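# Coordinate inspection notes
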Amino acid sequence: MKVPYQWLSEYVELDMTPEDMAEQLTMAGIEVEEVKEFCSKVPNLVAGRIEFLKPHPSADKLQLVKVFTGEQRLNIVCGAWNIKENDIVPVALPGCKLPGGLNVNKTEIRGELSEGMLCSAQELGLELALEDGEDGILILPADVAPGADINDVLNLNEKILELALTPNRSDCLGLLGVAQEISALTGAPLKEFNYTCEEADARAEEIIKVDIEEPTQCQRFTARYMEQVKVCPSPLFMQLRLLKVGLRPINNIVDITNYVMWETGQPLHAYDFEKLSGNKLIVRLSRPQEKLITLDGICRGLSPDMLVIADSSKAVGVAGVMGGEETEISASTNKVLLEAAHFNPVSVRKTAKSLGLPSEASQRFEKGSNPEMTITAQNRAAYLIAKYAGALIYKGIVDVYPKPFKPSFIEFDVKRVPKILGYQVPEERMKDILCSLGFEVNDKQEQGIWKVKTIASRNDISIEEDLIEEIARVEGYDKIPARLPQGRLTSGRLSTRQRVLNKIKNCLASAGLAEIITFSFMDPKRFDDINIPANHPLRNTLTISNPLSEDQKAMRTTLVPNMLQTLSFNFHRGNQNQRLFEMGAVFIPRENDTGQKLLPLEKLTLCLAATGKRYNSSWQKKEYTVDFYYLKGIIEKVFASLGINNLNFQKSQQPFLHPGRAAAIFYKSTCLGFLGELLPAISESLHAKNRVYLAELSLDLILPHANLTPRFKAVPKYPAVLRDLALIVPREVAAEELKRTIVEFGKPFIDSVQLFDVYEGKQIPERFKSIAFSVSFRHQERTLTDDEVEDVLSRICEELAKKFQASLRDF
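Notes on the structure follow. (Residues numbered from 1 in each chain as written. Predicted model: local features only at pLDDT ≥ 70, side-chain atom pairs only at ≥ 80, totals over all residues. Heavy atoms only, no water.)

Assigned secondary structure in the protein consists of 20 helices and 40 strands. Here the C-alpha radius of gyration of the protein, 43 Å, is well above what a compact globule of 811 residues would show, namely 28 Å. The contacts of the protein with a sequence gap of at least 6 include a subset with a gap of at least 24, amounting to 69%. Of the side chains in the protein, 97 bear a positive and 108 a negative charge, and the two mean positions are spaced by 10 Å. (Helix = DSSP H or I, 4+ residues; strand = E, 2+ residues; numbered from the N terminus. Rg over C-alpha atoms; globule rule 2.2 N^0.38 Å. Contact = heavy atoms within 4.5 Å. Lys, Arg positive; Asp, Glu negative; His and termini not counted. Charge placed at Lys NZ, Arg CZ, Asp CG, Glu CD.)

Below, the structure is given as structure tokens:
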């Protein structure tokens, strides 16, 4: 990106040298590769006013010119005929060496003395578009004083900064963006850039229509219509500025589109409206075998994935890359349609690369142009075309914007800035920096949390760290203090989390369970095998875009399917006695409030499975068939090893577990997982010959409660008093609820409560059951008396009768 210093000064107050500005920009992260002059200074080159012309007496194609150069009048022999009296022209004085290497001296031409040379643009090294062609003498503005240095008049020695922009700084691909950056860095005020022009009563929308068929590739398309356009060379100042940034002047309309693009960073394209078919522009994909002759005169074949701008019958331009030759602006153009659009960066990049057709416009679209700049660019271009081409501008702009830009808000914690940068920045300074960069800041929030509104021109700013980086840039990277790296010395030991997980694994291994490790992927069809309903949360899986195979195309949300697959694998190989566990992560999809997908939530989970015989048959060991209580005992053992007691097992229903043989596992009020017997139909489908028992626990919920510190409990000094409590209660009353009530109302003398009998049948009323507990009473400082124990038992029985309709069994 080339930035002429004087041109930039039209948008921001500059009070520094180009070299100082380059240094400041580079230190702020916008590298300036070099600062160079447009042309080297040419000595003895001044402006002169023509006072008199007459034909050369000895040559029909030459004429004699008398020129006033401010201090002297010179006689010069000239072969150009586009000059007249009082014209201001460049004069090369004797001793001048022109850019092409020509030395100018006093000489005699056909008998007449020539004391210098009148110069054309080409002889000055300038490739300008002039009415008289390259051979005519360059006519300067009438207000240029005779004798003025042409280097200053044409600003040939202007310093130009060459910026090496990173891909994220597309906002600086226009002089307005660079001016904003200079303003933020120096505090210099920006100059007003708001142009309007006189418009006709007729409306543009009555003349032209725009249709976007591919809204994902063209987010916005604006069009403006104008008539009575006079195509001619653009003003000298504009042509010179375009030359300084590497653009070749063509005519006033094309030059204005390039000029405004360099100002705003928004590419524009002008169409000869009378060469368009149907008064309509359509943004669509190229049709099969479609071809287009682009502005460089080459016929190009277009592939079906290329976005084109078309009229009612044909393509007239490659979107974001280059226009078509058939609708280009020519000397006969009278009506113009002006386009300013926003195209998908990926689409433009692929098209430009495929066609081998890079351009200044495609470069800006590839890096992400600002969709909100299209109207500003349209207004500026219309103002210049009306001024320099005499155009009649129709009222309004046809603006098709299917999905307008909606700014988001970034929560900005001012307290994080010193933690990241290593030094304190005053809050008022931080706000000034963000506002100078164009952001809106709401600093009225509580606890130092600001709301910062994003802007379309900075699509690289989306998170809090981006804003902190902007503050660091503008404040100066050199202000970040140099410090030696610091860190805590730690001994090589396992973390608490690692020790807890190892404790769980060791406990399970000591109970005879073998660890398995399966893939984190699964086949969603396995949810059907275990009766998971269609709308169940477990079916909300994260799909993999490039799975290793069809049965591994989703991230697992539970360990159960992979555990059952392992059991089935072993059943098919004759191993009916299995006790397994797996510890691994499950992946829960997440999205933010706007529906944008986030990284999945990983939950560490433990799955247990047991089936068949506990021991193999031998003469030394008896065979025990594993059951619900076997797996429940292992779970209680694991929790006890972690210092977690008083688990609560409540009835539960899982789609794949037996409805009467399943329990949810609670600690306090938190559900940690489930335990139960697999449905017989599912067990049969696995080819299991015995009942299968499963448990799944959330380790993320268990870890905060784990305590591996050993606890010592002294041996009681005083004897316990034992009582059996046999109750008759309604069938639906759970033993756990009775036990909780006994403990609660037996405080502080209750030492332990153990269930030892549950009976239904003869001697028990219908819809009732008998349930018996062994209750141990103990005092830590003395021996309890029978009266004290009976008093506590009486209180317990009263509460049980009131709460559960319980009565003592007396037979």
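Our next topic: the pattern of salt bridges. Across all of its chains, the model carries 47 salt bridges by this definition. Ionic pairing is found between D443 and K431, a salt bridge with its closest N-O pair at 3.2 Å. Remark: K431 occurs in helix α11 (residues 427–436) and D443 occurs in the loop between β25 (440–442) and β26 (449–453); sequence separation between them is twelve residues. The class for D443 is partly exposed, based on a relative accessible area of 25%. Between E760 and R731 there is a salt bridge; the shortest N-O distance is 3.1 Å. (Salt bridge = Lys/Arg side-chain N within 4 Å of Asp/Glu carboxyl O. Buried < 20%, exposed > 50% of the residue type's maximum accessible area, 1.4 Å probe, protein only.)

In this section: the sheet that holds strand β28 (residues 521–522). The strand order across the open sheet built from three strands is β28-β30-β29, with neighbouring strands paired in antiparallel fashion. Two strands bound the open sheet, and with one partner strand each, they are β28 and β29 (542–543). As judged from the two bridges shared by β28 and strand β30 (residues 554–555), these two strands associate in the antiparallel manner. Paired with F521 across the bridge in β30 is M555. (Pairing = 2+ DSSP bridges.)

Applying the stated criterion across every chain, the model contains 13 aromatic pairs. For the pair Y225 and Y394, a centre-to-centre distance of 4.8 Å together with 80° between the ring planes defines the contact as edge-to-face. Here Y225 is found in strand β13 (residues 218–227), whereas its partner Y394 is found in strand β22 (residues 392–395), with 169 residues between them in sequence. Plain terms: the ring middles of F343 and F365 are 5.1 Å apart, the flat faces sit at 70° to each other, and that makes the pair edge-to-face. Taken together, the residues F343 in strand β21 (residues 336–343) and F365 in helix α8 (residues 360–366) connect sequence positions 22 residues apart. (Phe/Tyr/Trp six-rings, centres within 6.5 Å; stacked < 30°, edge-to-face > 60°.)

With that out of the way, let us pick up the sheet that holds strand β24 (residues 409–413). One open sheet accounts for three strands, arranged β24-β26-β25; its pairing is antiparallel. The open sheet is flanked by β24 and β25, the only strands paired with a single partner. Shown here is a sheet whose adjacent strand axes are inclined to one another by a mean of 30°, direction ignored. In this structure, β24 lies alongside β26, joined through five bridges in antiparallel fashion. Bridged to D413 within β26 is I449. Strands β24, β25 and β26 of the sheet are contacted by α11, whose axis makes an angle of about 10° with β26. Across the sheet, helix α12 (residues 464–475) touches β24 and β26, and the angle it forms with β24 is around 65°. (Axes fitted to C-alpha atoms, helices over the stretch in contact; angles between N-to-C directions.)

Looking now at the pairing of β26. The two faces of β26 differ: W450 and V452 on one face are buried, but I449, K451 and K453 on the other face are not. Both β25 and β26 contribute to a ladder of three bridges, which runs antiparallel. Its bridge partner being in β26, N442 is matched across the sheet by K451.

What follows covers unusual backbone geometry. Peptide bonds are mostly trans, and most non-glycine residues show a negative phi. Following K747, the chain continues to P748 via a peptide bond in cis, the omega torsion being 5°. Mapped onto the fold, P748 is located in the loop between α19 (735–745) and β38 (750–759). You will see that Q228, though not glycine, has its phi angle at about 60°, which is positive. Mapped onto the fold, Q228 is located in the loop between β13 and α5 (236–244). Even without a glycine there, the phi angle at N646 is positive, about 60°. Within the element layout of this structure, N646 appears in the loop between α16 (628–641) and β33 (648–651). On the basis of relative accessibility, which here comes to 73%, the residue N646 falls in the exposed class.

What follows covers the packing of α19 against helix α20 (residues 786–804). The geometry of α19 relative to α20 is characterised by a closest axis approach of 9 Å and an angle of 140° between their N-to-C directions. Regarding the angle of α19 to α20, the classification is oblique. When you trace α19 past α20, the crossing you get is right-handed. Mapping the contact onto sequence places E737, L738, T741, I742 and F745 in α19 and V792, R795, I796, E799, L800, K803 and F804 in α20. (Parallel < 35°, antiparallel > 145°, perpendicular 65-115°, else oblique. Left-handed = near helix turned anticlockwise from the far one by under 90°.)

Turning next to α20. For α20, spanning 19 residues, the distance from its first C-alpha to its last is 26 Å, which sits close to the expected 27 Å at 1.5 Å a residue. Taken together, the buried positions of α20 are V789, V792, L793, I796, C797, E799, L800 and F804. One face of α20 carries all of its buried residues, which in axial projection span an arc of 165°. Among the exposed residues of α20, those pointing more than 90 degrees away from its buried face are D787, E798 and K802. Contacts from the buried residues of α20 go to β37 (721–730), α19, β38, β39 (768–777) and β40 (807–808). One or two steps after α20, the chain reaches Q805, where phi turns positive at roughly 60°. (Expected span 1.5 Å × (residues − 1). Arc of directions from axis to C-beta.)

The biggest cluster of nonpolar side chains holds 80 residues, and the ones touching the most others in it are L8, M21, L25, L163 and F412. Listed in part, the 37 residues of the second largest apolar core include C507, I634, L642 and A663. (Core = buried A, V, L, I, M, F, W, Y, C linked by side-chain atoms within 4.5 Å.)

Its twelve residues give helix α4 (residues 175–186) an end-to-end C-alpha distance of 16 Å, which sits within 8% of 16 Å, the value for a rise of 1.5 Å per residue. The element α4 is extensively covered by neighbouring structure, given that ten of its twelve residues are classed as buried. Regarding α4, the residues found buried are L175, L176, G177, V178, A179, E181, I182, S183, A184 and L185. Backbone geometry just downstream of α4 places G187 in the positive-phi region, at approximately 80°.

In this section: the side chain of E799. Tracing the backbone shows E799 in helix α20. The side chain of E799 sits in the buried core without any salt bridge; K802 is the nearest counter-charge, 4.1 Å away. Excluding residues within four positions of it along the chain, E799 makes contact with T741 and F745.

Our focus in this paragraph is the environment of L190. Following the sequence through the fold, L190 ends up in the loop between α4 and β11 (199–203). Residue classification places L190 among the partly exposed residues on the basis of a relative accessible area of 41%. The residues touching L190, leaving out its near neighbours within four places in the chain, are Y11, V12, A179, Q180 and S183.

Here the focus is the side chain of H56. The topology assignment puts H56 in strand β3 (residues 45–56). Of note is the side chain of H56, whose polar atom sits 3.0 Å from the backbone oxygen of I109. Apart from the residues lying within four places of it in its own chain, the contact partners of H56 are L62, Q63, L64, V77, I109, R110 and E112. (Polar contact = N/O pair within 3.5 Å; in protein donor to acceptor, adjacent residues only side chain to side chain.)

All right, on to the environment of V586 then. Among the structural elements, V586 can be located in strand β31 (residues 578–591). Each C-alpha atom, one on V586 and one on E427, is 43 Å from the other, the two residues being 159 residues apart in sequence.

Relative to the assigned elements, A80 resides in the loop between β5 (73–78) and β6 (88–92). When the C-alpha atoms of A80 and T558 are compared, they prove to be 89 Å apart, with 478 residues separating the residues in sequence.

So, about the state of the cysteines. Under the criterion given, the structure shown has zero disulfides. In this model C232 remains outside any disulfide bridge; the closest cysteine sulfur is found in C197, 17 Å from its own. Residue C232 is classed as buried on the basis of its relative accessible area of 17%. (Disulfide = S-S within 2.5 Å.)

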